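A closer look at the structure
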Amino acid sequence: MAIPTKEDLGFDPDALREKYRIERDKRLRTDANEQYQEIKEEYAAFLDDPYIAHPTSRSPLTDEVEIAIIGGGFGGLIAGARLRELGFEDIRIIEKGGDFGGTWYWNRYPGAACDTEAYIYLPLLEELDYVPSQKYAHAPEILSHSQNIAKKYNLYENACLETEVTALNWDEPASRWIIQTNRDDKFKARFVIMSNGPLHRPKLPGIEGINSFRGHMFHTSRWDYGYTGGDSNGRLNGLKNKRVAIIGTGATAVQCTPHVGESAKQLYVFQRTPSSIDVRANRKTDPHWASQLKPGWQKERMENFNILCSGGVVEEDLVKDGWTEIIRNLISMANYRGENTNWDEVPKLMEIADFQKMEQIRNRAAELVNDSKTAESLKPYYRQFCKRPCFHDSYLQTFNRPSVELVDTNGKGVERITNNGVLAGGKEYEVDCIIFATGFEVGTSYVRRSGYDVTGRHGMTLSEKWADGMRTLHGVMTNGFPNLFIISNSQAGFTTNFPHAMDETSRHIGYMLKQCEKERLSSIEASKEAEDEWVDEIIAVSRFASDFQESCTPGYYNNEGKPNPKSVQNGPYGKGSRPYFRITAAWREEGNMSGILKSP
């Protein structure tokens, strides 16, 4: 397929490349990911749990369990469910929130909803005989579903909620992990599954003067309904006489801004980089469609979505959402599944397809926003996957309200928080409330995000071992840390529908635990040789192209404009989730746990 000319396209690709470069350069900062303030000490209040009226009191635990799962989000719930199905009874889940749900326990801001189709995103739907009420379920429904999983699989029993792990140490003579917590627990576990999750530790921008503000402020993951009034559906009556600032314009802000804009006396939205806002088109579930679903429907739908999002071809797109449309457009333009493909032209054609899609996104902003200057500020000038794509049907229109003002900081961000408000572009905006819609930490170290370090054999800590990058076998086990399993997308199979990958990993871990039971093993761990081979494979097939990452506008995908060399080693399996799932399935099929050191 010939490369289209600018006359064919209706825009000049060279001009767009230059525009992208200019917009990237104005946002580059020397401190990159270090611009964010770690939430501790004087900022610790941002971590307080506002959803617990009265913290539960209990005595410290000094007992022993067979399996401890750290994290009560989707990963921990799926692991617990799959292990229950395999017959494991002695399971304890440790969760810092007051209930199960993980991200969906913390994210209760108005408008919060999944942006991957609920029919594939919510785990274990068939097992619970449940079909979500909408294509994109809202947070209360997702939290309720999480609680129902825990109830069905009896995961509340023996669970430690409102509890944070502070240390994890391997006891070599006993072949047990010693788990310590902030509740003075010190109990043992034969096996530990770390499902800390990638999205749970609030990210706070390191803006000067945060603690000098005399008004009210909170983070979206700790939404203060006592101040705003209302609930997750909106109707924030407490804001009707309030001037509010929202700092951040990522996926969280996109969902909560319409509700705050509808309710507040005045809303200022402070933007450093605009998000890509495509159509969501949410709709209620058709009862007739739901009644016709056949056994295996969710797995079929998950795999169909994953094939498309991995660049594969299916006869029918079952999900038909913004994610699959993006991939279909790229494949169609590049024609790399067709005959006589010119592989030298594929990257150029995919770039053109990307330009076309982003032109569509920018035109949508112009069509929906009345003020031309505001519309221009809301246009994203970067490649589609430089930042997480967003989908919403009322965010852009919110800026047509006379009470809502977009404060475009021209890529610089907020300068300072003052006693009375927010300083940006040399102007002070006086407000009563500041809402940080800045998401969760992503680019920080695994240990910082988990909140604890792990000490394995010979006193080696996980932070020391991974100082130069992660080292695992299949992203699940690491040498020197026996009976320790990890649920993560690092060095494993990544898919946009992360719960799908969590389920695959949980099944993988379940297989190994059953093998330990069958072979009467006291401990297992990855061998150094197998681990080295897997790390070499991860690096060899990595899709992290440094030139693409460097060309992107700063964000958490590229370490805020400074691609980290570790990103290659810490990234997912580069050939995609489907080949990764085949690798782990074949490994299980062999039946001998190749590359695993076994201790009787």
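For the structure, check the block above.
Structure report, in brief. (Residues numbered from 1 in each chain as written. Predicted model: local features only at pLDDT ≥ 70, side-chain atom pairs only at ≥ 80, totals over all residues. Heavy atoms only, no water.)

Turning to the nonpolar core, a few remarks are in order. Inside soluble globular proteins, nonpolar side chains tend to come together where they are buried. Ile67, Trp223, Val260, Phe485, Met512 and Ile524 are the most contacted members of the largest nonpolar core, which has 91 residues in total. It is helix 16 (residues 498–519) that provides the largest number of residues to this core, a total of 8 residues. Counting 22 residues, the second-largest nonpolar core is a separate cluster that includes Ile94, Val454, Met470 and Leu484. (Core = buried A, V, L, I, M, F, W, Y, C linked by side-chain atoms within 4.5 Å. Buried < 20%, exposed > 50% of the residue type's maximum accessible area, 1.4 Å probe, protein only. Helix = DSSP H or I, 4+ residues; strand = E, 2+ residues; numbered from the N terminus.)

A word on the packing of aromatic side chains. Both the distance between ring centres and the angle between the ring planes are used here to describe each pair of aromatic rings. For the coordinates displayed, the defined rule picks out 23 aromatic pairs. Measuring from centroid to centroid gives 6.2 Å for Trp104 and Tyr121, while their planes differ by 80 degrees, and the two rings are edge-to-face. Taken together, the residues Trp104 in helix 4 (residues 103–106) and Tyr121 in helix 5 (residues 118–121) connect sequence positions 17 residues apart. On the accessibility criterion, Trp104 (8% relative accessible area) is buried. Counting every residue linked through ring pairs, the aromatic cluster contains Phe11, Tyr20, Phe355 and Tyr381. (Phe/Tyr/Trp six-rings, centres within 6.5 Å; stacked < 30°, edge-to-face > 60°.)

Within the open sheet, the 5 strands sit side by side as 8-17-9-10-13. Their pairing is parallel. Every other strand in the sheet has two partners, leaving strand 8 (216–219) and strand 13 (404–408) as the edge strands with one partner each. When the angles between neighbouring strand axes are averaged without regard to direction, this sheet yields 20 degrees. Pairing between strand 9 (residues 243–247) and strand 10 (residues 266–271): 5 bridges, direction parallel. Counterpart to Arg243 in the pairing with strand 10 is Gln266. (Pairing = 2+ DSSP bridges. Axes fitted to C-alpha atoms, helices over the stretch in contact; angles between N-to-C directions.)

A few words on the sheet that holds strand 14 (residues 416–417). Read across the sheet, 3 strands follow the order 14-15-16 without closing on themselves; strand pairing throughout is antiparallel. On the outer flanks of this sheet lie strand 14 and strand 16 (427–430), each paired with one strand and no other. When strand 15 (residues 421–424) meets strand 16, the two strands line up antiparallel, connected through 4 bridges. Residue pairing across strands places Leu423 opposite Glu428, the latter belonging to strand 16.

Packing of helix 16 against helix 20 (residues 577–590) brings their axes to within 11 Å, and their N-to-C directions diverge by 15 degrees. Of the possible angle classes, the one that applies to helix 16 and helix 20 is roughly parallel. Judged by the sense of rotation from one axis to the other, the crossing of helix 16 with helix 20 is left-handed. Across the interface between the two elements, His500, Ala501, Glu504, Arg507, His508, Tyr511 and Met512 of helix 16 pack against Phe581, Thr584, Trp587 and Arg588 of helix 20. Partitioned by chemical class, the residues of the contact of helix 16 with helix 20 number 5 nonpolar, 3 polar and 3 charged. (Parallel < 35°, antiparallel > 145°, perpendicular 65-115°, else oblique. Left-handed = near helix turned anticlockwise from the far one by under 90°. Contact = heavy atoms within 4.5 Å. Nonpolar A, V, L, I, M, F, W, Y, C, P; charged D, E, K, R; others polar.)

Helix length check: helix 3 (residues 74–85) (12 residues) gives 16 Å between terminal C-alpha atoms against 16 Å at 1.5 Å per residue, within 8%. Within helix 3, 11 of the 12 residues are buried, which leaves it mostly tucked inside the rest of the structure. Residues of helix 3 that are buried: Phe74, Gly75, Gly76, Leu77, Ile78, Ala79, Gly80, Ala81, Arg82, Leu83 and Arg84. Immediately beyond the C-terminal end of helix 3, within one or two residues, lies Gly87, with a positive phi of roughly 100 degrees. (Expected span 1.5 Å × (residues − 1).)

Moving on, we get to the packing of helix 2 (residues 13–25) against helix 12 (residues 346–368). Contact pair helix 2 / helix 12: the axes reach a minimum separation of 11 Å and the direction vectors enclose 70 degrees. Considering their axes alone, helix 2 and helix 12 lie roughly perpendicular with respect to each other. Contacts between helix 2 and helix 12 pair Pro13, Leu16, Arg17 and Tyr20 from the former with Glu351, Ile352, Phe355, Met358, Glu359 and Arg362 from the latter. Of the residues assigned to the contact of helix 2 with helix 12, the class counts are 6 nonpolar, no polar and 4 charged.

Moving on to the state of the cysteines. In the structure shown here, the tally under the stated rule is 1 disulfide. The side chain of Cys386 participates in a disulfide bridge whose partner is Cys552; the two sulfur atoms lie 1.9 Å from each other. Since a negative S-S torsion denotes a left-handed disulfide, the Cys386-Cys552 link at about -75 degrees is left-handed. A residue pair is termed long-range when its members are at least 10 positions apart, and Cys386 in the loop between helix 13 (372–377) and strand 12 (390–391) and Cys552 in the loop between helix 18 (546–551) and helix 19 (566–570) qualify at 166 residues. In terms of burial, Cys386 and Cys552 fall into one category: buried. (Disulfide = S-S within 2.5 Å.)

Moving on: the side chain of Asp185. Its location among the elements puts Asp185 in the loop between strand 5 (176–181) and strand 6 (186–194). Polar side-chain contacts of Asp185 include one of 2.7 Å to the backbone nitrogen of Leu61. Beyond its immediate stretch of four places on either side in the chain, Asp185 contacts Arg58, Ser59, Pro60, Leu61, Thr163, Ile179 and Gln180. (Polar contact = N/O pair within 3.5 Å; in protein donor to acceptor, adjacent residues only side chain to side chain.)

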